[in-house]
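# Report on the structure
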Amino acid sequence: MTRATATLNTFVMVAVASSLVTWLATLHPTALHFIRALYALTLCLWALGWILDDALIARFKIDVLQYRGILVGSGVAITFGLGVILCRS
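So, here is what we can say about the structure in this document. Note that the coordinates shown come from a computational prediction; the quantities given were computed from them, not determined experimentally. Residue numbers run consecutively from 1 along every chain, following the written order of its sequence. Owing to the predicted nature of the model, reporting of local features is limited to residues with pLDDT of at least 70; listing and counting of side-chain atom pairs is limited to 80 or more, with chain, interface and lining totals taken over all residues. Excluding hydrogens and water, the side-chain values take into account all heavy atoms of the structure.

## Some words on the overall build of the protein
- To qualify as a helix, a DSSP run of H or I must reach at least 4 residues; to qualify as a strand, a run of E must reach at least 2; elements of each kind are numbered from the N terminus. Of regular secondary structure, the protein possesses four helices and zero strands.
- N-terminal to C-terminal, the α/β element order of the protein is α-α-α-α.
- With the principal axes as the frame, the protein shows a C-alpha extent of 40 × 25 × 15 Å.
- To sort residues, take the accessible area from a 1.4 Å probe on protein chains only and compare it with the maximum for the residue type: under 20% means buried, over 50% means exposed, and anything in between is partly exposed. Counting every position in the protein, which comprises 89 residues, the buried fraction comes to 22%.
- The contacts in the protein between residues at least 6 apart in sequence include a share of 66% that link residues at least 24 apart.
- Surface summary for the protein: the accessible area is close to 6300 Å², and the carbon and sulfur share equals 74%. Should any heavy atoms of two residues lie within 4.5 Å, those residues are considered in contact. Throughout, the Shrake-Rupley method with a 1.4 Å probe supplies accessible areas, and for residues the shown protein chains are the sole cover considered.

## Looking at the packing of helix 3 (residues 53–60) against helix 4 (residues 64–86)
- The axes are straight lines fitted to the C-alpha atoms, using for helices just the contacting stretch, and the angles between their N-to-C directions are given from 0 to 180°. Remark: helix 3 packs on helix 4, axes separated minimally by 10 Å, with the N-to-C direction vectors making an angle of 115 degrees. Every pair of crossing elements has a handedness; the one defined by helix 3 and helix 4 is right-handed. In contact with Asp 53, Leu 56 and Ile 57 of helix 3, helix 4 contributes Val 64, Tyr 67 and Arg 68.
- Residues are sorted three ways: Asp, Glu, Lys and Arg are charged, Ala, Val, Leu, Ile, Met, Phe, Trp, Tyr, Cys and Pro are nonpolar, and all the rest, Gly among them, are polar. A per-class count over the contact of helix 3 with helix 4 returns four nonpolar, no polar and two charged. The crossing is said to be left-handed when, going from far helix to near helix, the turn is anticlockwise and less than a right angle, and right-handed when the turn is clockwise.

## A short note on the environment of Thr 26
- Along the chain, the position of Thr 26 falls in the loop between helix 1 (2–25) and helix 2 (29–51).
- In this structure Thr 26 comes out as partly exposed when scored by relative accessible area, which is 28%.
- It is 21 Å that separates the C-alpha atoms of Thr 26 and Gly 75, two residues lying 49 residues apart in sequence.
- Pairs of N or O atoms are called polar contacts if they sit within 3.5 Å, as long as, within protein, a hydrogen donor faces a hydrogen acceptor (for residues adjacent in sequence, only side-chain-to-side-chain pairs). In terms of polar contacts, Thr 26 uses its side chain to reach the backbone carbonyl oxygen of Trp 23, at 2.5 Å.

Here is the structure:
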């Protein structure tokens, strides 16, 4: 139960942070370019996390399901933030 709560807390934290950062990006055009670059970097790191999952699981010494749950949850949470950018009209 504790792991599920920690994974849910990670999801909520990333969703709130992603939405806040993208909302701030809608306030100024230069910030929007910076946030787009930040999301591109995040996407690259997220994909690298999926590619190197075996090495990272051994390094962090966590369960496979917990690691993949964090990756899936953070991917969905970041998608919420991208939705804020797309709906900013």
